[in-house]
Amino acid sequence: MSIDPVLVKRSFAAVEPHGSEVTAYFYRHLFDHHPGVRGLFAEHLDDQQDRLWAALGALVANLESTDTLVGILRDLGSRHAGYGALPEHFPAVGDSLIATLRHYAGDTWTPEAEASWAAVYGVVADTMGSAMAAAGPAPSSG
Ligand code: HEM
């Protein structure tokens, strides 16, 4: 399935105005449905919530600028190696991300929009995942 940037941008634009409600929903969904990843995150998530969604905004804004997009994803991926994130965590995060977008996107959420987001997330997971693997496991912090 290929990515339709128009559908991705339109649905993201419908979600964005809901602000911090969106990030709260995302983490609640993630920790309720995939409790195994809770321990990787700090106890208080306020800053973290903003950064994750700012990163998502940057990805959406650069969907058609492949070099920039890949650069952002490689940087993110190498930092995630240090957070204890593993390739097997990506489906959980993708599931909660799609559920959150679906919840807030209103009429812009169509089967085509969902398929495009799934394709975007596939690229994200592949690119971040290979950068994570290249960066190696998290250094132990004594
Ligand atoms: C769409 C994919 C993802 C995006 C856009 C994303 C984005 C971010 C951003 C922007 C940060 C803030 C720190 C930084 O910029 O390096 C962060 C931190 C973090 N991410 Fe992700 N992330 C993604 C996927 C994942 C996955 C699959 C996991 C694995 C469970 C994960 C776990 C974490 C953890 C544990 C932190 C640090 C949290 C803390 O400080 O408590 N992320 N992520």
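Residues numbered from 1 in each chain as written. Predicted model: local features only at pLDDT ≥ 70, side-chain atom pairs only at ≥ 80, totals over all residues. Heavy atoms only, no water.

An unreviewed UniProt entry annotates the chain as Globin domain-containing protein of Kitasatospora paranensis.

Participant: Explain helix α5 (residues 90-104) to me, please; I cannot follow it from the model alone.
Facilitator: Every α-helical turn comprises 3.6 residues, leaving residues that sit three or four positions apart pointing alike. Taking 1.5 Å of rise per residue, the 15 residues of α5 would be expected to cover 21 Å, and the 21 Å separating its terminal C-alpha atoms lies within 8% of that figure. Within α5 the residues assigned to the buried category are F90, A92, G94, S96, L97, I98, A99, T100, L101 and Y104. Once α5 finishes, G106 follows within two positions and takes phi at roughly 60 degrees, a positive value. (Helix = DSSP H or I, 4+ residues; strand = E, 2+ residues; numbered from the N terminus. Expected span 1.5 Å × (residues − 1). Buried < 20%, exposed > 50% of the residue type's maximum accessible area, 1.4 Å probe, protein only.)

Participant: In this structure, what is going on with the coordination of the iron atom of the ligand? I would like to understand it.
Facilitator: Think of it this way: four donors in a tetrahedron around the metal ideally sit 109.5 degrees apart, and six in an octahedron ideally sit 90 or 180 degrees apart. Its sole protein donor being H80 (NE2), the iron atom of the ligand sits 2.1 Å from that atom. Mapped onto the elements of the fold, H80 is located in helix α4 (residues 66-81). (Donors = N, O, S within 2.8 Å, 3.2 Å for Na, K, Ca; no water.)

Participant: Mind showing me how you'd approach the pattern of salt bridges here?
Facilitator: Side chains bearing opposite charge may pair, as long as their charged atoms lie close to each other. Summed over the entire model, instances satisfying the criterion amount to two salt bridges. Where E64 meets K9, a salt bridge forms, and the shortest distance between an N and an O atom there is 3.1 Å. Of this pair, E64 sits in the loop between α3 (46-61) and α4 while K9 sits in helix α1 (residues 5-15), placing them 55 residues apart in sequence. Taking the relative accessible area as the measure of exposure, E64 reaches 55% and is therefore exposed. The class for K9 is partly exposed, based on a relative accessible area of 31%. For R102, the salt bridge identified is with E114, shortest N-O distance 3.2 Å. In this pair, R102 sits in helix α5 while E114 sits in helix α6 (residues 111-135), placing the two residues 12 residues apart along the sequence. (Salt bridge = Lys/Arg side-chain N within 4 Å of Asp/Glu carboxyl O.)

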